[in-house]
Amino acid sequence: MSKLVTIYGGSGFVGRYIARRMAKDGWRVRVATRVPDENLYVRTYGEVGQVEPVACNIRDEASVEAAMLGADAVINCVGILAAFRKNSFDSVHVEGAERVARLAAAAGIEKMVHISAIGADAQAEAEYSRTKAAGEAAVLRHVPNAVILRPSVVFGPEDNFFNRFASMSRFGPVLNIIGADTKFQPVYVDDVAKAAVAGVTDAAPGIYELGGPDVASFRDWMRLMLRIVRRDGKLIYDMPKGIANLMAGTFGVIQKISFGNIDAPLTRDQIKNLAHDNVVSDGAQGFAELGIEPIAAGSVLPEYLWRYRPTGQFETLKESADNLKV
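Quick summary incoming for the structure in this document.

What counts, and where the lines are drawn
- Residues numbered from 1 in each chain as written.
- Predicted model: local features only at pLDDT ≥ 70, side-chain atom pairs only at ≥ 80, totals over all residues.
- Heavy atoms only, no water.
- Helix = DSSP H or I, 4+ residues; strand = E, 2+ residues; numbered from the N terminus.
- Rg over C-alpha atoms; globule rule 2.2 N^0.38 Å.
- Buried < 20%, exposed > 50% of the residue type's maximum accessible area, 1.4 Å probe, protein only.
- Contact = heavy atoms within 4.5 Å.
- Areas by Shrake-Rupley, 256 points an atom, 1.4 Å probe, with all protein chains shown as cover.
- Lys, Arg positive; Asp, Glu negative; His and termini not counted.
- Charge placed at Lys NZ, Arg CZ, Asp CG, Glu CD.
- Salt bridge = Lys/Arg side-chain N within 4 Å of Asp/Glu carboxyl O.
- Patch = residues over 30% accessible without salt bridge, like charges linked within 9 Å, V, L, I, M, F, W, Y side chains within 5 Å.
- Axes fitted to C-alpha atoms, helices over the stretch in contact; angles between N-to-C directions.
- Parallel < 35°, antiparallel > 145°, perpendicular 65-115°, else oblique.
- Nonpolar A, V, L, I, M, F, W, Y, C, P; charged D, E, K, R; others polar.
- Left-handed = near helix turned anticlockwise from the far one by under 90°.
- Pairing = 2+ DSSP bridges.
- Right-handed = clockwise from strand over helix to strand, strands pointing away.

1. Examining the overall build of the protein
And step 1. A count of helical and extended segments in the protein gives 12 helices and 13 strands.
And step 2. Over its C-alpha trace the protein gives a radius of gyration of 20 Å, about what one expects of a compact globule, namely 20 Å for 326 residues.
And step 3. Its C-alpha atoms give the protein principal-axis dimensions of about 65 × 45 × 45 Å.
And step 4. A total of 326 residues make up the protein; the buried ones form 49% of that total.
And step 5. Long-range contacts, defined here as pairs at least 24 residues apart, represent 75% of the contacts in the protein between residues at least 6 apart.
And step 6. Here the protein has roughly 15,600 Å² of accessible surface; of this, 53% comes from carbon and sulfur atoms.
And step 7. Averaging the positions of the 37 positive and the 38 negative side-chain charges in the protein gives two centres separated by 5 Å.

2. Looking at the pattern of salt bridges
And step 1. Enumeration according to the criterion identifies 10 salt bridges in this entry.
And step 2. Taking the shortest distance from any N to any O, the salt bridge between Asp190 and Arg21 comes out at 2.6 Å. In this pair, Asp190 sits in helix 6 (residues 189–201) while Arg21 sits in helix 1 (residues 13–24), placing the two residues 169 residues apart along the sequence.
And step 3. Exposure remark for Asp190: the relative accessible area of 15% places this residue in the buried category.
And step 4. In this structure, Lys194 engages Asp191 in a salt bridge whose closest nitrogen and oxygen atoms are separated by 3.9 Å. With Lys194 and Asp191 both in helix 6 and 3 residues apart, the pair spans about one turn of that helix.
And step 5. Looking at Lys194, the relative accessible area reads 29%, which means it is partly exposed.
And step 6. Classification of Asp191 by relative accessible area gives buried; the value is 0%.
And step 7. A single salt-bridge network, built from bridges that share partners, covers Glu61, Glu98, Arg99 and Arg102.

3. Comments concerning a nonpolar patch on the surface
And step 1. Together, Val174, Leu235, Tyr237, Ile243 and Met247 make up an exposed nonpolar region whose accessible area comes to about 410 Å².
And step 2. Secondary-structure elements contributing two or more residues to the nonpolar patch are strand 13 (235–238) and helix 8 (241–257).
And step 3. For Met247, the location among the structural elements is in helix 8.
And step 4. For Met247, a relative accessible area of 31% gives the class partly exposed.

4. Considering the packing of helix 3 (residues 89–106) against helix 4 (residues 127–142)
In a pair of packed helices, the angle between the axes and the distance between the axes together describe the arrangement.
And step 1. Where helix 3 contacts helix 4, the two axes come as close as 8 Å, and the packing angle between them is 10°. Relative to helix 4, the element helix 3 lies roughly parallel. Where helix 3 approaches helix 4, its residues Phe89, Asp90, His93, Val94, Ala97, Glu98, Ala101, Arg102 and Ala105 are matched on the opposing element by Glu127, Tyr128, Thr131, Lys132, Ala134, Gly135, Ala138, Val139 and His142.
And step 2. Taken together, the residues of the contact of helix 3 with helix 4 break down into 9 nonpolar, 4 polar and 5 charged.

5. Focus on the packing of helix 1 against helix 6
And step 1. Axis separation between helix 1 and helix 6 bottoms out at 8 Å; the angle between their running directions is 55°. One finds that helix 1 runs oblique with respect to helix 6. Note on packing geometry: the crossing formed by helix 1 with helix 6 is right-handed. Across the interface between the two elements, Phe13, Val14, Tyr17, Ile18, Arg21 and Met22 from helix 1 touch Val189, Asp190, Val192, Ala193, Lys194, Ala196, Val197 and Val200 from helix 6.
And step 2. Looking at the contact of helix 1 with helix 6 residue by residue, the class counts come to 11 nonpolar, no polar and 3 charged.

6. Overview of the pairing of strand 1 (residues 4–8)
And step 1. Burial of strand 1 is extensive: 5 of the 5 residues sit out of reach of the surface.
And step 2. Burial of the side chains of strand 1 extends over both faces: Leu4, Thr6 and Tyr8 are buried on one face and Val5 and Ile7 on the other.
And step 3. As judged from the 5 bridges shared by strand 1 and strand 2 (residues 28–33), these two strands associate in the parallel manner. Paired with Leu4 across the strands is Arg28, a residue of strand 2.
And step 4. Handedness of the crossover is the feature at issue here: the chain leaves strand 1, passes through helix 1, returns alongside strand 2, and the resulting connection is right-handed.

7. Topic: helix 7 (residues 218–228)
And step 1. Taken as a whole, helix 7 has its buried residues at Phe218, Trp221, Met222, Leu224, Met225, Leu226 and Ile228.
And step 2. In the core, the buried residues of helix 7 are packed alongside helix 5 (162–168), strand 8 (174–177), strand 9 (183–184), strand 12 (216–217), strand 13 and helix 11 (302–305).
And step 3. Immediately beyond the C-terminal end of helix 7, within one or two residues, lies Arg230, with a positive phi of roughly 60°.

8. Section: the pairing of strand 2
And step 1. Burial runs high along strand 2: 5 of the 6 residues are buried.
And step 2. As paired strands, strand 2 and strand 3 (residues 51–55) are joined by 5 bridges and run parallel to one another. The residue of strand 3 that forms the bridge with Thr33 is Ala55.

See the structure below:
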């Protein structure tokens, strides 16, 4: 019988690519997700019955344990970018990660991959980065031979980075960003999935930092995005930290009074993170040690950002017609 892997957060952006890769490699895949009925599409990632969503909340001990019953490996992809109510950074990044690792160890599951993030640091100013580091430490206490993956900003068709700013670029003459000089090393989501598969098959235990082949400032990544969506005449404005914090505070109040129905698009913790480069550390293990050659962002972004062009899918036809007139 094929081996079974449980993927916590397997219906999320990164998790769904991992689920697809694991199914392609012949594994039976159990996708642990809070609302299985809303994520039935994961079944299409494999043969009939090969991929199955199951109900699980990483904050709930019993559901986490039930989801890994009979599993040969576990992968934890659960993470949040902003905390709200019960989904705090501690409850998800630390307690949730510790729960998965502890129960996996108790069940005798030796293969575990944990998705963390570049910048995880116990001394970091941002709570996001501190709790990512604490989650890694908790995992390694229970599963010392775990594989921990630290991706930079992850891009792909469903990402919340390039899609978000491309959408913003449709309105007004200015694109507002924070931390324009901060460096990023975006990594393709399917490359992260390949790394996760390696983590439960043949990768050596340890921490791997995952970044794409290109490093550039936030400003330069936005310039590339604007060229792709044919809006490169826009001004990129680096918003002062004081104004950004004021806006983040206002967004936080709106989120609270709306009982979470309106998500805050910016938080003060995210502003703290944006003050630090998000690139692979010197000497860190990465894709090379996993035998993976990462894909450049410039070769993938046009495949899904075209919809933000002034005339969407017809923009290239319009450009061709304009060239014929010359």
